[in-house]
Amino acid sequence: MTDAAPPPARPEARSPRGFADRRGPSLIAERRIVQRVSEVYERWGFEPLDTGAFEYADALGKFLPDADRPNEGVFALQDDDDQWMALRYDLTAPLARFAAQNWETLPKPFRRYAFGPVWRNEKPGPGRFREFTQCDADTVGSDRPEADAEIIAMACEGLQAAGLQPGQAVVRVSNRKLFDGLFEAGGVTDPGQRLTALRAIDKFDRLGWQGVAALLGEGRLDESGDYTKGANLPLGVAATIEAFLGSAGDGGRTRAETLDAIARSGGLGAAGEAALDELAGIDRALGAMRVGQDAVRFDPTIVRGLEYYTGAVFEAELLLDTTDDKGRPVRFGSIGGGGRYDDLVARFTGESTPATGFSFGVSRLASALRAAGRTDGAARGPVVVIVFGQDDMQAYLDAVSELRNAGIAAELYLGRAGMKAQMKYADRRGAPAAIMLGGDEIAAGQVTIKDLDAGRQLAAGVTDNEAWKSERPGQMKVARNELVTTVRSIIDASSRMPA
């Protein structure tokens, strides 16, 4: 007699690190942001484009450490023809590939927007995921400063459509050529040294000058004990950069006044002077589009860390007070950015093709709106029709169909629980109301409607609004033909009630 084989081990139900499960409320909020922003982008004449999740690894370029195992920074695999493919890490590199591949047949300039998930094979942490959704808008084929200005102005309108009011965000704009001029004047020619310096300057708002100065020099040891190697710039160049960053001022200047202050800082060289001309052109176009000085500001401390930017760069910053889940104030900072990248398409064609664009993380913007209390009821659940027995199933199905046909989200409870459990289910679903059609109601041509929103408001302490309470009894019996109008009045009253 042999021992019975042990049962197979059950797998542990767990999510991979850096990948999050999301339910209705967050998904609905993000979908609404994408829908509203897409409407803005299409109104500005941008067409949608969707490229595949995978690109050939050499087309992505940015994160690849070597040709043998290109899977640092990206998630990569080898196809059956031994070519490496990788999940896209952003939406800009696929656009560059698409534009190069289809340039002869595309309208020029080519204006497109895109949204979808991107993946980064990086160490996950709090608020840092390996998969997230981005939304981009880009113009490929125009070197005019008006193209940059249009992207910036459209980004402002898109952020407002997503839920931010005027004055609750600002887009800060600069030009990478300003630093090209500073580096040239200081004799800094090594591309790696320049990029390290730019990434250090990109941390100016977080680290201040002392932290940036350390990264421009030998390096910096942060609070966690991690050491970041510095750019080792000559002391004279670092001093010039310090004076240059001081031209940013306190944000009270107009765009034109900021350009004058930058020009007076000196040492910009030919590249820097060209950058000032481009920024002046952007300012004129923004003024012609009536984009206010508070909505878009020039700020020479903005550089953006990605190496493919070649000219204008911009970053959208949230100005609202935000709090975390425990009510503590937090600084949210950047909610999007972009710039001009005139050399990205040239990786494929060998010919410079001007391009400019703006990108924001959909999940990050949704989190920013939530942290600022800017939610708009996107996560409402459906009206729930209660089931008392199989014999009256036709009446329940008629009721739920009538609500849906009237444009009201509704569901029929399809479990096998009793009345109390069904009401608890409706509450957990965030249902505004529960519909009850017992045998007596059906015979009398009536329906009982329980206003669940009213109960939630009362439970939350809304006890001083007598008029509201008198208008909203917790449960009411109405004629069957008044089902839709009564439920709609409950939903409409809830939308007007303060949180």
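Up top is the structure these notes are about.
Residues numbered from 1 in each chain as written. Predicted model: local features only at pLDDT ≥ 70, side-chain atom pairs only at ≥ 80, totals over all residues. Heavy atoms only, no water.

1. A closer look at the overall build of the protein chain
The secondary structure content of the protein chain amounts to 18 helices and 20 strands. Per-residue burial over the protein chain gives 46% buried out of 499 residues. Pairs at least 24 residues apart make up 69% of the contacts formed inside the protein chain by residues separated by at least 6 positions. For the protein chain, the exposed area adds up to about 25,900 Å²; of that, 49% sits on carbon and sulfur atoms. (Helix = DSSP H or I, 4+ residues; strand = E, 2+ residues; numbered from the N terminus. Buried < 20%, exposed > 50% of the residue type's maximum accessible area, 1.4 Å probe, protein only. Contact = heavy atoms within 4.5 Å. Areas by Shrake-Rupley, 256 points an atom, 1.4 Å probe, with all protein chains shown as cover.)

2. Points about the sheet that holds strand E18 (residues 433-436)
Read across the open sheet, the five strands follow the order E17-E16-E18-E19-E20; overall the sheet is mixed. Each end of this open sheet is capped by a strand with a single partner; those strands are strand E17 (410-412) and strand E20 (475-479). Averaged over all pairs of adjacent strands, the angle between their axes in this sheet comes to 25°, without regard to strand direction. The pairing of strand E16 (residues 383-385) with E18 spans two bridges and is parallel. Following the sheet pairing, valine 384 is matched in E18 by alanine 434. (Pairing = 2+ DSSP bridges. Axes fitted to C-alpha atoms, helices over the stretch in contact; angles between N-to-C directions.)

3. What to know about the packing of helix H5 (residues 176-186) against helix H6 (residues 191-201)
Geometrically, a packed helix pair is captured by the angle between its two axes and the distance between the axes. At a minimum axis separation of 12 Å, H5 and H6 run at an interaxial angle of 125°. The angle between the axes of H5 and H6 places the two elements in the oblique class. In this structure, the crossing between H5 and H6 has a hand that is right-handed. Two secondary-structure elements touch here, H5 through Arg176, Phe179, Asp180, Phe183 and Glu184 and H6 through Arg194, Ala197, Leu198 and Ile201. Residue composition of the contact of H5 with H6, grouped by class: five nonpolar, no polar and four charged. (Parallel < 35°, antiparallel > 145°, perpendicular 65-115°, else oblique. Left-handed = near helix turned anticlockwise from the far one by under 90°. Nonpolar A, V, L, I, M, F, W, Y, C, P; charged D, E, K, R; others polar.)

4. Regarding the sheet that holds strand E15 (residues 355-361)
The strand order across the open sheet built from eight strands is E1-E5-E6-E15-E14-E11-E7-E10, with neighbouring strands paired in mixed fashion. The sheet terminates laterally at strand E1 (47-48) and strand E10 (296-298), the two strands that pair on one side only. Relative to strand E6 (residues 131-140), strand E5 (residues 110-119) is paired through ten bridges, and the arrangement is antiparallel. From the neighbouring strand, phenylalanine 110 faces E6, where its bridge partner is valine 140. Taken strand by strand, H5 contacts strand E7 (169-175) and strand E11 (312-318), and its axis lies near 35° from that of E7.

5. Thoughts on the packing of H6 against helix H7 (residues 204-216)
Running from amino to carboxyl end, H6 crosses H7 at an angle of 145°, the nearest separation of the two axes being 8 Å. Along its contact with H6, which presents Ala197, Ala200 and Ile201, the element H7 presents Phe204, Val212, Leu215 and Leu216. Across the contact of H6 with H7, the residue classes tally to seven nonpolar, no polar and no charged.

6. Some points on the pairing of E18
The alternating pattern of E18 places Ala433 and Ile435 and Ala434 and Met436 on opposite faces, both of which are buried. Note that E18 and strand E19 (residues 446-451) share four bridges and pair antiparallel. Within the sheet, the bridge partner assigned to alanine 434 lies in E19 and is lysine 450.

7. With respect to the pattern of salt bridges
In this structure the tally under the stated criterion is 14 salt bridges. The partner of aspartate 180 in a salt bridge is arginine 194, and the shortest N-O contact between them spans 3.8 Å. Highlighted residues: aspartate 180 in helix H5 and arginine 194 in helix H6, separated in sequence by 14 residues. The class of aspartate 180 is partly exposed, set by a relative accessible area of 24%. Exposure remark for arginine 194: the relative accessible area of 18% places this residue in the buried category. Here glutamate 411 ties to arginine 429 by a salt bridge, and the two come within 2.9 Å at their closest N and O atoms. Placement of glutamate 411 in strand E17 and of arginine 429 in the loop between helix H14 (419-428) and E18 is noted, with a sequence separation of 18 residues between them. Several salt bridges converge on common partners, so that one network encompasses Asp148, Arg340 and Asp342. (Salt bridge = Lys/Arg side-chain N within 4 Å of Asp/Glu carboxyl O.)

8. Side note on the environment of phenylalanine 298
Relative to the assigned elements, phenylalanine 298 resides in strand E10. As a C-alpha pair, phenylalanine 298 and arginine 172 span 126 residues in sequence and 5.6 Å in three-dimensional space. In this structure, phenylalanine 298 is in contact with Val173, Arg255, Thr258, Leu259, Leu279, Ile282 and Asp283, ignoring residues within four places of it in sequence.

9. Let's talk about the nonpolar core
Residues Tyr41, Phe179, Ile241 and Ile335 are the most contacted members of the largest nonpolar core, which totals 68 residues. Among the elements that line this core, the one with the most residues is helix H4 (residues 145-162), at nine residues. Setting aside its immediate chain neighbours within four residues, tyrosine 41 contacts Phe46, Tyr113, Cys135, Asp136, Ala137, Met154, Phe358 and Phe360. (Core = buried A, V, L, I, M, F, W, Y, C linked by side-chain atoms within 4.5 Å.)

10. Focus: the packing of aromatic side chains
With the rule as written, the count across this model stands at seven aromatic pairs. Plain terms: the ring middles of phenylalanine 179 and phenylalanine 183 are 6.5 Å apart, the flat faces sit at 40° to each other, and that makes the pair tilted. Of this pair, phenylalanine 179 and phenylalanine 183 both sit in helix H5, four residues apart, which is roughly one turn of the helix. Per residue, the accessibility class of phenylalanine 179 equals that of phenylalanine 183, and both read buried. Members of the aromatic cluster, joined through ring pairs, are Tyr308, Tyr309 and Tyr341. Note that arginine 347 overlies the ring of phenylalanine 348, its terminal NZ or CZ placed 5.5 Å from the centroid. (Phe/Tyr/Trp six-rings, centres within 6.5 Å; stacked < 30°, edge-to-face > 60°. Lys NZ or Arg CZ within 6 Å of the ring centre and 35° of its normal.)

11. A word on unusual backbone geometry
Put simply, lysine 108 and proline 109 share a cis peptide bond, and its omega is 0°. Looking at where proline 109 falls in the secondary structure, it is placed in the loop between helix H3 (92-102) and E5. Here aspartate 82, not a glycine, exhibits a phi torsion of approximately 70°, which is positive. The residue aspartate 82 is located in the loop between strand E3 (76-78) and strand E4 (84-87) in this model. Despite not being glycine, arginine 290 has its phi angle at roughly 60°, a positive value. Within the secondary structure layout, arginine 290 lies in the loop between helix H10 (269-288) and E10.

12. Some words on helix H1 (residues 24-43)
The terminal C-alpha atoms of H1, which comprises 20 residues, lie 28 Å apart, in line with the 28 Å expected from a rise of 1.5 Å per residue. Looking at H1, one finds that the buried residues are Glu30, Ile33, Val34, Val37, Ser38, Val40 and Tyr41. For H1, the buried positions fall inside an angular range of 160° around the axis, keeping them on one side. What points out from H1, more than 90 degrees from its buried face, is the exposed set Arg31 and Arg43. Those residues of H1 that are buried are in contact with E5, E6, H4, E15 and helix H12 (362-371). Positive phi appears at glycine 45, one or two residues downstream of H1, with a value of about 90°. (Expected span 1.5 Å × (residues − 1). Arc of directions from axis to C-beta.)

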